Amino acid sequence: MTRQPTTDAPSTPSTPSTPSTPSTPSGTDEAELARRLGALTLEQKVRLLTGADFWSLHPEPAVGLRRLVVSDGPAGVRGELWDERSPSANVPSPTALAATWDEPLVERLGGLLAHEARAKGVDVLLAPTVNLHRTPYGGRHFECFSEDPLLTARIGVAYVQGVQGGGVAATVKHFVGNDSETQRMTLDARIGERALRELYLAPFERIVGEGQVWAVMAAYNGVNGHPMTESPLLRQVLHDDWDFDGLVMSDWFAARTTEPSARAALDLVMPGPIGPWGDALVAAVRKGKVDEALVDDKVLRLLRLAARVGALSDVPTTATPLHHDAASVATRLRETAAAGFVLARNEGAQLPLDRAALSRVAVLGPNAAAARTLGGGSATVFPPYTVSPLDGIRAALGDDVEVTHGVGVTPQTRVPAAALAHLRHPDGSGAGVEVSFLAEDGTLLGSERRSGGAYTWMGSYGPGVPTGQVARVEVRTVIRATDAGRYAVGGSGIGRFRMSVAGVEVFDVRLQLPPGADLVEGLMTPPQRLHTVDLAAGEETEVVLTHDTSTHDTSTHDTSTHDVDSSDDALGDAVTMFQLNLQPPHGSDDEEIERAVALAREADVAVVVVGTTEEVESEGFDRDSLALPGRQDELVRRVAEANPRTVVVVNSGAPVLLPWSEEVAAVLLAWFPGQEFGNALADVLLGVAEPGGRLPTGWPVSEEGLPATEPVDGVLAYDEGLFIGYRGDGRTGWQPPRYAFGHGLGYTTWDYVSIDIPGELPSGADPTVEAGADLAVEVRIRNSGTRHGKQVVQVYAGRPGGAVERPHRWLAGFAVVEAAPGEEVVATVTVAARAFEHWDAEVGGWAVELGTFTLEAGPSSATLPLAVDIAVGNS
């Protein structure tokens, strides 16, 4: 269709295009909730508004309220224990879920998470995370969905509806502006009003309105001068603009004041029992500094949440999750992982591999036998098993195909937690370690038998152990050498550590974080102290690691307007977390690269699995480089030189630089795909499943021009405004990415045939839509390849020649379709009215710049072969 000349047109206010509706489920009696609220004293009400411990809320028998349990979530449901004794299904991380662009699939996965939650006694899942991929440097990038607010919102809604459809509350987080980790506890994000509304608040708005989420988490950071736990945005946006009737909780230790946070629309301080409210809030109400009506509203929201999850007596639950056995969990995770894999390059259709033509396959790289299935930080879970790429490929190919393996390089600079294969109980009873809790005088207060080298206790050392009397935690084990050589053994954590090997003390040291480090950095990548010991194959030696627990100053502070205490001190009091570390002997990088090259040269195909490490991609810190750590780039280039049929699998939760991408046959982006990684990878490599993913964020070609994460004088300025990711196209300093937003190849090819907006039109006239109305766009495509396939049809809007500053284009809608070879299908893409609107800061509302918009359709933001003009006007 010929585009008509565009003239500047006035903006007109529009009614909200995504109206919010109260999310109280039918059957919840608001009058009954008010009656129960009225039965509580002020002290009882305030007590409910701070957690009982790290992961639960106080019960209140007077109103029939049982204990509620919350749990970290995005990659699984961890529950109340943070260790291997309470395994959890490890689902693909959020970038992998968003890469599917498949809302029904994500909703089904949400149902599985609800099942997992109920199996662990969890009522509230602390997920999803819907902060945006403002910059690929963000350390928690893997835990967020996308750089685009619409894709984030739609996947987030599906996730929430799946979880809450099983009667478990979802918690959308982190409201708002927690898009990076550096100084996240204290930074003030300066975000322009249009960018705030059109980008960063947009996913929350849709998840509150359409998704009807039951809880929101307020972030650590500030936005435009206000810490988010005290921000006027909580009331102004959530309550007034969006009619949110759910509960707002703080991020852990994010609430630091009494009166300012109580006067804001913050409802719950986590964790407990310490915190800035309690007696201080009771006193503030008594003195008239905080209106008791505000306290009542907070408690009412908590009771409403309890009713929704079945935690109030005589109030029926709204739903129960479907049951999943181990086999169905594995099947669901396997299909979801494959659906998120993005085939970024496939030169000469190297993939899928022809199994019948294979006799030897080399599976190489540091992540081949020990892959990352999830990111570090609060998203951590402990899966019952993980399938590595090496194991998955070996199982799929069977005995008829030789599968060789070489690590290639060791990119980690840290020694990992000791693996069970090297640990034996001192009494000879099997694999594992003995953990003892000791009093100051050495009295044994309790013990545990453990099967790993990572230890975390939050607020309690377990039943029967008097937490306040524990002065030392001792780990005792016998290390058995699987191979002859030099072993590095040690400990990591914060505080005093002593280690003896074969009865001889080898160190006594106090480990500390550098100044300014994030508290979670101290949990995820704490300092280490190591000792080396030479062992013969099969030789054993006893190791004892002792950690002295510490307490912090708990003196009283003025909490009316100032911090109760630092988050670091509060977390230190509540958490004991450290590791026994062990590194078996291994070759140098030079030796391992040469071995990998030799294996690749002898193989029909070389599969190289590279990726990030916990040292560079985790909660608590941002990345300072997008390069693959260590000498992985060199490994890929050397292998590709030796074997032109080299397939590179990238195992990272966020973009990394791929300077060798044009030198290899295929590039498959696998994200952090969960515990079924290896099986899903084998399915995709061998063509059992199609790599169904499309990029939820662009992968840059270099680090030039990317937004920074380092605040200046405590302020992080979002100077790029609306122009993040692909929306920066055409702006000064913007570089086209290596792989564009929305890109992904699959195993077939597609022709884009036509785009149409149904309806009767006068001859030669552009289609017209009334401002404030949704629009259906029909895109006809043909499967021009030889395999059945999936395609994500993407529609982008633009406003050429408009008076309002905008990106050249922005995602307006998408639809997932499938077709057989030669088949034509029509994808009906709904373009919501919001796609044509902008935030008018002067009037404080949404407005439409009347006139001609252009809708473009294609397989990615960089490939849009079809276009149609649409006139947006008033009726």
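Details of the structure are given in the entry above.
What counts, and at which threshold
- Residues numbered from 1 in each chain as written.
- Predicted model: local features only at pLDDT ≥ 70, side-chain atom pairs only at ≥ 80, totals over all residues.
- Heavy atoms only, no water.
- Helix = DSSP H or I, 4+ residues; strand = E, 2+ residues; numbered from the N terminus.
- Rg over C-alpha atoms; globule rule 2.2 N^0.38 Å.
- Buried < 20%, exposed > 50% of the residue type's maximum accessible area, 1.4 Å probe, protein only.
- Lys, Arg positive; Asp, Glu negative; His and termini not counted.
- Charge placed at Lys NZ, Arg CZ, Asp CG, Glu CD.
- Phe/Tyr/Trp six-rings, centres within 6.5 Å; stacked < 30°, edge-to-face > 60°.
- Lys NZ or Arg CZ within 6 Å of the ring centre and 35° of its normal.
- Core = buried A, V, L, I, M, F, W, Y, C linked by side-chain atoms within 4.5 Å.
- Contact = heavy atoms within 4.5 Å.
- Polar contact = N/O pair within 3.5 Å; in protein donor to acceptor, adjacent residues only side chain to side chain.
- Axes fitted to C-alpha atoms, helices over the stretch in contact; angles between N-to-C directions.
- Parallel < 35°, antiparallel > 145°, perpendicular 65-115°, else oblique.
- Left-handed = near helix turned anticlockwise from the far one by under 90°.
- Pairing = 2+ DSSP bridges.
- Salt bridge = Lys/Arg side-chain N within 4 Å of Asp/Glu carboxyl O.

### Regarding the overall build of the protein chain
Thinking step 1. Looking only at helices and strands, one finds 18 helices and 38 strands in the protein chain.
Thinking step 2. Relative to its length of 875 residues, the protein chain is compact, with a C-alpha radius of gyration of 28 Å against a globular reference of 29 Å.
Thinking step 3. Principal-axis analysis of the C-alpha atoms places the extent of the protein chain at approximately 90 × 80 × 50 Å.
Thinking step 4. Per-residue burial over the protein chain gives 61% buried out of 875 residues.
Thinking step 5. If the 69 positive side-chain charges of the protein chain are averaged to one point and the 116 negative ones to another, these points end up 2 Å apart.

### So, the packing of aromatic side chains
Thinking step 1. Taken as a whole, this structure holds 23 aromatic pairs when the rule is applied.
Thinking step 2. Ring geometry for phenylalanine 54 and tryptophan 55: centres 5.2 Å apart, planes at 65°, overall edge-to-face. As far as burial versus exposure is concerned, phenylalanine 54 and tryptophan 55 are alike and both buried.
Thinking step 3. Following the ring pairs from residue to residue traces out a cluster consisting of Phe437, Tyr455, Trp457, Tyr461, Phe497 and Phe578.
Thinking step 4. One residue, arginine 731, lies across the ring of phenylalanine 723, its end atom 3.7 Å from the ring centre.

### Digging into the nonpolar core
Thinking step 1. Formed by 165 residues in total, the largest nonpolar core has its most connected members in Phe175, Val176, Tyr200, Leu234, Trp252, Val779 and Leu855.
Thinking step 2. Looking at which element gives the most residues to this core, the answer is helix H11 (residues 292–309), with nine residues.
Thinking step 3. By size, the runner-up hydrophobic cluster in this structure holds 34 residues, among which are Leu364, Ala603, Leu635 and Trp699.

### Focus on the side chain of histidine 425
Thinking step 1. Structurally, the position occupied by histidine 425 is in the loop between strand S14 (423–424) and strand S15 (433–438).
Thinking step 2. Those residues in contact with histidine 425 that sit more than four places away from it in its chain are Gly430, Ala431, Gly432, Val433, Glu434, Arg449 and Arg450.

### A word on the side chain of lysine 120
Thinking step 1. Structurally, lysine 120 can be placed in the loop between helix H4 (103–119) and strand S4 (124–126).
Thinking step 2. A distance of 2.5 Å separates a polar atom in the side chain of lysine 120 from a polar atom in the side chain of serine 86.
Thinking step 3. Look past the residues within four positions of lysine 120 in its chain and what remains in contact with it is Val77, Arg78, Gly79, Ser86, Pro87 and Ser88.

### Some remarks on helix H18 (residues 677–685)
Thinking step 1. With nine of nine residues buried, H18 lies mostly within the body of the structure.
Thinking step 2. What H18 keeps buried is the set Phe677, Gly678, Asn679, Ala680, Leu681, Ala682, Asp683, Val684 and Leu685.
Thinking step 3. On its buried face, H18 sits against helix H12 (326–340), helix H13 (389–397), strand S25 (605–611), strand S26 (646–651) and strand S27 (666–669).
Thinking step 4. Downstream of H18 by one or two residues, glycine 687 has phi in the positive range, about 80°.

### Focus on the packing of H13 against H18
Each packed pair of helices is defined by two parameters, the angle between the axes and the distance between the axes.
Thinking step 1. Running from amino to carboxyl end, H13 crosses H18 at an angle of 50°, the nearest separation of the two axes being 7 Å. With respect to their mutual orientation, H13 and H18 come out oblique. Between H13 and H18 lies a crossing of right-handed hand. On the side of H13, the interface is formed by Pro389, Gly392, Ile393 and Ala396, while H18 contributes Phe677, Gly678, Asn679, Leu681, Ala682 and Leu685.

### A closer look at the sheet that holds strand S29 (residues 750–756)
Thinking step 1. Here three strands make up an open sheet; going across it, the order is S29-S31-S34 and the pairing antiparallel. The strands lining the two open edges of the sheet, one partner per strand, are S29 and strand S34 (824–831). Averaged over all pairs of adjacent strands, the angle between strand axes in this sheet comes to 25°, irrespective of strand direction.
Thinking step 2. Two strands pair when backbone bridges link them, and strand S31 (residues 775–783) and S34 are joined in this way by eight bridges, in the antiparallel orientation.

### Some remarks on unusual backbone geometry
Thinking step 1. A cis geometry characterises the amide bond from lysine 173 onward to histidine 174, with omega recorded as -5°.
Thinking step 2. Counting through the fold element by element, histidine 174 comes out in strand S5 (residues 169–175).
Thinking step 3. Cis geometry marks the peptide bond from leucine 351 to proline 352; its omega dihedral reads 0°.
Thinking step 4. Inspection of the secondary structure puts proline 352 in the loop between strand S11 (342–346) and strand S12 (360–364).

### Remarks on the pairing of strand S37 (residues 851–858)
Thinking step 1. Counting buried residues in S37 gives seven out of eight residues, a clear majority hidden from the surface.
Thinking step 2. As defined by bridge partners, S37 adjoins strand S38 (residues 866–873) across seven bridges and the pair is classed as antiparallel. When the bridges of S38 are listed, threonine 854 appears paired with aspartate 869.

### Describing the sheet that holds S12
Pairing between the strands of a sheet is mediated by backbone hydrogen bonds and can be parallel or antiparallel.
Thinking step 1. Spatial ordering of the open sheet is given by S11-S27-S26-S25-S12-S13, a layout of six strands whose pairing is mixed. Two strands in the sheet have a free side with no partner beyond their single neighbour: S11 and strand S13 (402–406). Between one strand and the next, the sheet's axes are offset by a mean angle of 15°, whatever the strand orientation.
Thinking step 2. Inspection of the sheet shows S12 paired to S25 by four bridges, in the parallel sense.

### Side note on the environment of alanine 262
Thinking step 1. Locating alanine 262 in the fold gives a position in helix H9 (residues 259–263).
Thinking step 2. When the C-alpha atoms of alanine 262 and leucine 545 are compared, they prove to be 44 Å apart, with 283 residues separating the residues in sequence.
Thinking step 3. Sequence-distant contacts of alanine 262, defined by excluding residues within four places in its chain, comprise Trp277, Leu281, Val290, Leu294 and Lys298.

### Overview of the pattern of salt bridges
Thinking step 1. What the rule picks out here adds up to 59 salt bridges.
Thinking step 2. In this structure, the salt-bridge partner of lysine 45 is aspartate 296, at a minimum N-O distance of 2.5 Å. Here lysine 45 is found in helix H2 (residues 42–48), whereas its partner aspartate 296 is found in helix H11, with 251 residues between them in sequence.
Thinking step 3. Linking aspartate 534 and arginine 486 is a salt bridge whose minimum nitrogen-to-oxygen distance equals 2.8 Å. Pair noted here: aspartate 534 is in strand S22 (residues 528–535) and arginine 486 is in strand S19 (residues 485–492), with a separation of 48 residues, a long-range link.
Thinking step 4. With relative accessibility at 52%, the residue arginine 486 sits in the exposed group.
Thinking step 5. The structure contains a network of salt bridges with shared partners spanning Arg140, Glu143, Lys173, Glu181, Arg184 and Glu619.

### A closer look at the packing of helix H1 (residues 30–38) against H11
Thinking step 1. For the pair H1 and H11, interaxial distance at closest approach is 10 Å and the crossing angle is 125°. By the angle between their directions, the pair H1 and H11 is classed as oblique. Classified by chirality, the crossing of H11 by H1 is right-handed. In this structure, H1 contributes Glu30, Leu33, Ala34, Arg36 and Leu37 to the contact, and H11 contributes Asp296, Val299, Leu300, Leu303, Arg304 and Ala307.

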